[in-house]
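Summary of the model geometry
If you want the building blocks of each chain, they are given just below.
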Amino acid sequence: MKREDVTKIFEGATEEQVNSLLNIHSADIGNAKKALETERDSLKEQLKTAQDSLKGFEGVDVKDLQAKVTALTADLAAKQKEHEAKIADMEFSSALDAAISGSKAKNAKAVRALLDVETLKASKNQQADIAAAIKKCQEENDYLFGSDEPIKNAVHESGGTGNGGSSPLAAMRAAMGLPAEK
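Thresholds applied
Residues numbered from 1 in each chain as written. Predicted model: local features only at pLDDT ≥ 70, side-chain atom pairs only at ≥ 80, totals over all residues. Heavy atoms only, no water. Helix = DSSP H or I, 4+ residues; strand = E, 2+ residues; numbered from the N terminus. Contact = heavy atoms within 4.5 Å. pLDDT = per-residue confidence, 0-100. Patch = residues over 30% accessible without salt bridge, like charges linked within 9 Å, V, L, I, M, F, W, Y side chains within 5 Å. Areas by Shrake-Rupley, 256 points an atom, 1.4 Å probe, with all protein chains shown as cover. Salt bridge = Lys/Arg side-chain N within 4 Å of Asp/Glu carboxyl O. Buried < 20%, exposed > 50% of the residue type's maximum accessible area, 1.4 Å probe, protein only. Axes fitted to C-alpha atoms, helices over the stretch in contact; angles between N-to-C directions. Parallel < 35°, antiparallel > 145°, perpendicular 65-115°, else oblique. Left-handed = near helix turned anticlockwise from the far one by under 90°. Nonpolar A, V, L, I, M, F, W, Y, C, P; charged D, E, K, R; others polar. Core = buried A, V, L, I, M, F, W, Y, C linked by side-chain atoms within 4.5 Å.

Let's shift gears to the environment of A105. Residue placement: A105 occurs in the loop between α3 (62–102) and α4 (108–114). As a C-alpha pair, A105 and Q138 span 33 residues in sequence and 8.7 Å in three-dimensional space. Apart from residues no more than four positions distant in its own chain, A105 is found in contact with I100, V111, L144 and F145.

Written out as structure tokens, the structure reads:
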């Protein structure tokens, strides 16, 4: 804005009024100029940072990086599969051990050896198949499992042929084949 233009627009304005208007206009222009310069400097700095970052990628083979990413992704998938298999194996072993101990097995290793573990592991319905396999093993090898029947062993003398209530020392001597004390 020029002084002559202001004087033409505002005919009859005093010199002081024109100066005041031009000072206000200059202040507004100055503030706008400072804001634009600050923004320009910020953009220059961002451009310099971006250019410096791009220089760090000079000489990098993108295809090599893609091959490495593909290999690492495949390794990660393999590790994930391996961990899932280990977890499934642990869950199966836990379920099998719980079923064997619930069946009152006397020797869990012996019962496990008689079961087809790989077939049970591959089964869709593991719980039912494990229970059926243990039941079949119980039927075929009942000596490996505890029984609910009472033991029919005598705990004390039942009145058979004995020495008729003699002393324990005499019974010991007789058991050892020594002659009775006189």
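Here we take up the confidence of the model for the chain. Overall, the predicted model of the chain reaches an average pLDDT of 83, with 90% of residues at or above 70. The weakest mean pLDDT in the chain belongs to helix α1 (residues 3–9) at 76; the strongest belongs to α3 at 90.

Moving on to a nonpolar patch on the surface. Together, L54, F57, V60 and L65 give the surface a local cluster of nonpolar side chains, amounting to about 400 Å² of exposed area. Looking at where V60 falls in the secondary structure, it is placed in the loop between α2 (15–56) and α3. Taking the relative accessible area as the measure of exposure, V60 reaches 36% and is therefore partly exposed.

Moving on to the packing of α3 against helix α6 (residues 126–140). Orientation of α3 relative to α6, taken along the N-to-C sense of each, is 40°, at an axis distance of 10 Å. The angle between α3 and α6 falls in the class oblique. For the pair α3 and α6, the sense of crossing is right-handed. Seen from α3, the contacting residues are F92, A95, L96, A99 and I100; seen from α6, they are Q126, Q127, I130 and I134. Residue composition of the contact of α3 with α6, grouped by class: seven nonpolar, two polar and no charged.

Okay, the nonpolar core next. The nonpolar side chains of a soluble globular protein tend to be buried, and buried together. Ranked by size, the top nonpolar core spans 13 residues in total, and within it L96, V111, L115 and I130 carry the most contacts. At the level of secondary structure, the elements contributing two or more residues to this core comprise α3, α5 (117–122) and α6. Top element by residues in this core is α3. It accounts for four residues. With sequence-adjacent residues up to four places away left out, I130 is seen in contact with F92, A95, L96, A99 and L120.

On to unusual backbone geometry, then. For K104, which is not a glycine, the phi torsion comes out positive at approximately 60°. When you line up the elements, K104 lands in the loop between α3 and α4.

This structure, assessed with the given rule, holds six salt bridges. With a closest N to O distance of 3.1 Å, R40 and D41 form a salt bridge. Assessed through its relative accessible area of 41%, R40 is described here as partly exposed. Two residues, D97 and R112, come together in a salt bridge whose shortest N-O distance is 2.6 Å. With D97 in helix α3 and R112 in helix α4, this pair connects stretches of sequence that are 15 residues apart. A relative accessible area of 40% means that D97 is categorised as partly exposed. Taking the relative accessible area as the measure of exposure, R112 reaches 26% and is therefore partly exposed.

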